[in-house]
Amino acid sequence: MSNNIFFSLGIALVLSLTVFSCKKQIPPKPKDLLKESIIPLPSEINATNSSFTIDEATGLFYTSESEQLAKLSDYFSNWLKNGSGLNLKVSATKNLPISNYIYLALADSIAGEEAYQIVTDEKGIKIIAGQPHGIFNGLQTLKQLLPAHLHKGPKENDTLRIATGTIKDAPEYGYRGVMLDVSRHFFGVDVIKKFIDYLALYKINRLHLHLSDDQGWRIEIKSWPKLTEIGGQTQVGGGKGGFYTQEQYKEIVQYAADRFITIVPEIDMPGHTNAALVSYPELNCDGKARKPYTGTNVGFSTLCTDKEITYKFIDDVIRELAALTPGEYIHIGGDESNVTPMKDYIPFINRTQKIVEKHGKKVIGWDEIAHADLLPNTIVQYWSKGENAIKGIAQGSKVLMSPAKKAYLDMKYDSISRIGLHWAAFIPVDVGYKWDLETYEEGISKADIIGIEAPLWTETVETPEDIEYLVFPRLLGISEIGWTPTAKRNWEEYKVRLANHDHRLKAMDIGFYASKTVPWKE
Ligand code: TNX
C-alpha cells in the first residue's frame, strides 16, 4: 500500500516536472504584425510572424553623428523606463549591433520629412528615416506595438514582445492639426502640455491656438499690456480667465517642438475682438471702451478698420507674436465679421496679410478671407462655405480642410451628449471618420489641399475632462483621414482597431467618449 503511494507520488512528480520543463521550452505564440492596431494606419505592413523581446539587456543605439537622435533616444528610453521599469542603456554607434537592439538611424534613401520604416526581426528593431521627424513618428508607432499599460506604469512579470516584420510609412497630407480655443475658456500650460502628448502619439503635427476672441485675450503683448491686464481676465460664463506670459508661451512652443508639433497662433480679426476693444478704447470707431463679454454670441464686434491706430496695433501684436513663433504660419481669423461692411473688410484683410508677411510669416485665415486679395502663400481654412474655399483656390491659394459638419470637435456626438454645440451637425464617431478630404467638396481636389484640422471651440468646454470627452476618440479618426490614403481607409476595419485603443486611452487617463458605434472590449 505505502509503496504504491510512493510510486504514484514519484510518477506524479516526474510527470509534473516534465510538463513544467516542456512548458518552459514551448516558444511563445508567434505574433502577427498585421493584427496590431496602429492608428493612423501605416502605408505598408509585412509580417514575418515571429517576435523580438525587449528586456533589461536590450541596448538603445543611435547613429553617432546625430544630436537629434541622441535626444530622441533619451525621449524614448525615458518613456520606456516610466512605463516598464526597464532602464535601457543608450549609446551612439557607427554600426548595427549584433543582437538585442533598438536602433535609430538616419538614411538619405528615405524621402519625406515624416516618412519612416520599422524593420523588426528576432535580433532587434531598426527605425530608419530620412529626418528626425520620421524617427519620432516611428517611435510613436513602436509605442503602439507595446502593451497599453506602458502609458501608465510598470506591471509585474511583464514581457515586451514586438511582432516581427516591416512597416513602411509616410503621411498622405503634411498638415494634420487640431485647434484649441483657449479664449472662450482658458486652459493653463500644464493642460496644454498634456494635450500635446496625446496629439503626438497619433502623429498630429500642428496645434492651432485660438488666442483671442470676444471673451478673452490670452497672450501677453508687451507693447499693449492692457490686452491681458484687462482683456485676459474674463471668459465665457464669468470665470476668471487667464493668459500666457510670453515666457509661458515659449515653453509651450518648445514642448510642442520637442514632439514635432508646430504651434499655429491665431489672433482673430477684425471681428471676434471684443476683449481688445474693452482693453483699448481707441480701437473702437467711437473711441469708447466696450463692456466685457462673457456670453456665447458671435459676430457683434469689429476693430475700427479705417483708423491708423488699428494697424499700429496689429503691427505690434504680429511683430511680438512672430518673434515667439518658429513656425511658418500666423492665423489672422477673419471669420464672422458680421458688423464689418465688406467694403471695409477686404482692404483690412489685404493690409493685415502684408503686415504678417513683413514679419516673415505666412497667413492662414478662415474661409471668409477669400473675399479679399490673397497673397500667394495665404492658406484658406475651409470651415463653413465651399464657395469661399473655391474662391481662394481660384486665386492660387491652398486649402486647409476643417468643414464644420465633419471636422468640428465641439459638435455633439448626438442629442444626448453632455456638452457641445450642434449648429453644424451631430457628429457621431463613425460620421466623423467616414469622409475624405479630396472628395468632400466638388471643386476642391487633392492638389489644392494642404491637410486637415479639427477645431475644438470651447463655449461649452470648461475642464480638461470636457476637452477629452469631445476630442477622444474622434481625433484618432481625424489623424487617420490626414495620414492614410483614402483607398486604404474603411470604417468596418478601423472601428476594430479603434476599439483596441481603449486600454491605451485609459492607460493615459483620457476620459474619452465610449461611443456605441465602436465595438469596445469592455
Ligand atoms: C463658429 S468656426 C465660429 C466660432 C465659434 C464656433 C462654434 C469659426 C471660424 N467661427 O467663433 O466658436 O462657430 O462652433
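In this text, all values refer to a predicted model and were calculated from it rather than measured experimentally.

Chemist: Hey, could you go over the overall build of the protein for me, with residue numbers and the actual values?
Modeler: When helices and strands are tallied, the protein shows 16 helices and 17 strands. Taken over C-alpha atoms, the radius of gyration comes to 26 Å for the protein, in line with the 24 Å a tight globule of 522 residues would show. Of all 522 residues assigned to the protein, the portion counted as buried reaches 58%. Considering only residue pairs separated by 6 or more positions, the protein has 70% of its internal contacts joining residues 24 or more positions apart. Surface accessibility of the protein: about 21,700 Å² in total, with carbon and sulfur atoms responsible for 54%.

Chemist: Tell me about the side chain of His149, and name the residues and values.
Modeler: Here His149 is to be found in the loop between helix H3 (132-145) and strand S7 (160-169). Since its relative accessible area comes to 15%, His149 is described here as buried. Filtering out sequence-adjacent residues up to four positions away, His149 remains in contact with Gly83, Pro154, Lys155, Asp158 and Ala507.

Chemist: A description of the environment of Lys31 should follow, citing residues and the corresponding values.
Modeler: Inspection of the secondary structure puts Lys31 in the loop between helix H1 (2-25) and strand S1 (44-54). Once you skip the residues sitting within four places of it in the chain, Lys31 turns out to touch Glu36, Asn49, Ser50, Ser51, Leu145, Arg161, Ile162 and Ala163. A distance of 3.1 Å separates a polar atom in the side chain of Lys31 from the backbone oxygen of Arg161.

Chemist: Tell me what's going on with the site of the ligand, and back it up with residues and numbers.
Modeler: Arg184, Tyr408, Asp410, Trp423 and Glu459 are the nearest of the 14 residues found near the ligand. The separation between a nitrogen atom of the ligand and a polar side-chain atom of Asp335 is 2.9 Å. In this structure, Asp410 approaches the ligand through a side-chain N or O atom, which is 2.6 Å from an oxygen atom. Burial of the ligand by the surrounding chains reaches 97%, relative to a free accessible area of 360 Å².

Chemist: Describe the pairing of strand S12 (residues 262-269), naming the residues involved and giving the relevant values.
Modeler: Buried residues dominate S12, accounting for seven of its eight residues. Pairing of strand S9 (residues 206-210) with S12, which is carried by five bridges, proceeds in the parallel orientation. Bridged to Leu209 within S12 is Pro265. Alignment of S12 against strand S13 (residues 329-333), held across two bridges, turns out to be parallel. Within the sheet, the bridge partner assigned to Met269 lies in S13 and is Gly333.

Chemist: For the environment of Phe76, give the residues involved together with the corresponding values.
Modeler: Looking at the element boundaries, Phe76 is found in helix H2 (residues 67-84). Residues Phe76 and Ser445, 369 residues apart in the sequence, show an inter-C-alpha distance of 38 Å. Non-local contacts of Phe76, meaning those with residues more than four positions away in its chain, are made with Leu60, Ile102, Leu139, Leu142, Lys143 and Leu146.

Chemist: Outline the sheet that holds strand S2 (residues 59-63), listing residues and values.
Modeler: Sheet architecture is open: seven strands sit in the order S1-S7-S5-S6-S4-S2-S3, paired in mixed fashion. Strand pairing shows two members of the sheet lacking a second neighbour, S1 and strand S3 (89-93), which therefore form its edges. Within the sheet, the average angular offset between the axes of one strand and its neighbour, ignoring direction, is 25 degrees. Here S2 pairs with S3 via five bridges, running parallel. Looking across to S3, one finds that Tyr62 is bridged to Ala92.

Chemist: Residues and numbers for the packing of helix H14 (residues 474-483) against helix H15 (residues 491-499), please.
Modeler: Relative to each other, H14 and H15 sit at 130 degrees, their axes nearing to 11 Å. In terms of orientation, H14 and H15 fall into the oblique class. Here H14 and H15 pass one another in a crossing that is right-handed. Side by side, H14 and H15 meet where Leu476, Gly477 and Glu480 of the first sit next to Tyr494, Arg497 and Leu498 of the second. Residues of the contact of H14 with H15, tallied by class, amount to three nonpolar, one polar and two charged.

Chemist: Help me get a handle on the side chain of Thr325, residues and values and all.
Modeler: Inspection of the secondary structure puts Thr325 in the loop between helix H8 (308-323) and S13. The class of Thr325 is buried, set by a relative accessible area of 6%. A polar contact of 2.6 Å, which involves the side chain of Thr325, links it to the backbone oxygen of Leu321. Those residues in contact with Thr325 that lie beyond four places of it in its chain are Ile263, Pro265 and Lys361.

Chemist: Can you tell me about H15, naming the residues and giving the values?
Modeler: Residues of H15 that are buried include every one of Trp491, Tyr494, Lys495, Arg497, Leu498 and Ala499, and no others. Looking at the buried residues of H15, the elements they touch are helix H12 (429-433), H14 and helix H16 (502-507). At the N-terminal end of H15, a side-chain oxygen is found 2.7 Å from the backbone nitrogen of Glu492, two or three residues along, and the residue is Asn490.

Chemist: Could you give an account of the packing of aromatic side chains, with specific residues and numbers?
Modeler: Summed over the entire model, instances satisfying the criterion amount to 24 aromatic pairs. Plain terms: the ring middles of Phe136 and Phe260 are 5.1 Å apart, the flat faces sit at 40 degrees to each other, and that makes the pair tilted. In this pair, Phe136 sits in helix H3 while Phe260 sits in the loop between helix H6 (246-257) and S12, placing the two residues 124 residues apart along the sequence. Since its relative accessible area comes to 2%, Phe136 is described here as buried. An angle of 80 degrees between the planes, with centres 5.7 Å apart, marks the rings of Tyr413 and Tyr469 as edge-to-face. With Tyr413 in the loop between helix H11 (404-407) and H12 and Tyr469 in helix H13 (residues 464-471), this pair connects stretches of sequence that are 56 residues apart.

Reading the values: rules and limits
The numbers attached to residues start from 1 for each chain and follow its sequence in the written order. Restriction of local features to residues with pLDDT of at least 70 applies here, the model being predicted, together with a cutoff of 80 or more for giving and counting side-chain atom pairs; totals for whole chains, interfaces and linings are based on all residues. With hydrogens and water excluded, all non-hydrogen atoms of the structure serve as input to the side-chain values. Secondary structure counts use DSSP, requiring at least four H or I residues in a row for a helix and at least two E residues in a row for a strand, with both numbered from the N terminus. As defined in this context, the radius of gyration uses C-alpha atoms, and a globule is described by 2.2 Å times the residue total to the power 0.38. Partly exposed residues are those whose accessible area sits between 20% and 50% of the maximum for their type, while under 20% is buried and over 50% is exposed, using a 1.4 Å probe and protein chains only. We call two residues in contact whenever any of their non-hydrogen atoms come within 4.5 Å of each other. Note on areas: Shrake-Rupley with a 1.4 Å probe; residue coverage comes only from the protein chains shown. Polar contact is defined as a pair of N or O atoms within 3.5 Å, subject to the rule that within protein one atom must be able to donate a hydrogen and the other to accept it, and that residues adjacent in sequence are counted only when both atoms are side-chain atoms. If even one non-hydrogen atom of a residue comes within 4 Å of a molecule or strand, that residue is called near it. Between any two strands, pairing holds if DSSP finds at least two bridges. Simply put, an axis is a line fit to the C-alpha atoms, just over the touching stretch for a helix, and the angle between two N-to-C directions goes from 0 to 180 degrees. An angle below 35 degrees is read as roughly parallel, one above 145 as roughly antiparallel, one from 65 to 115 as roughly perpendicular, and any other as oblique. Crossings are classed by handedness, with left-handed meaning an anticlockwise turn of the near helix from the far one by less than a right angle and right-handed meaning a clockwise turn. Residues are sorted three ways: Asp, Glu, Lys and Arg are charged, Ala, Val, Leu, Ile, Met, Phe, Trp, Tyr, Cys and Pro are nonpolar, and all the rest, Gly among them, are polar. Stacked, edge-to-face and tilted are the three classes for Phe, Tyr and Trp ring pairs, Trp counted by its six-membered ring, which pair at centre distances within 6.5 Å; planes under 30 degrees apart are stacked, over 60 edge-to-face, the rest tilted.

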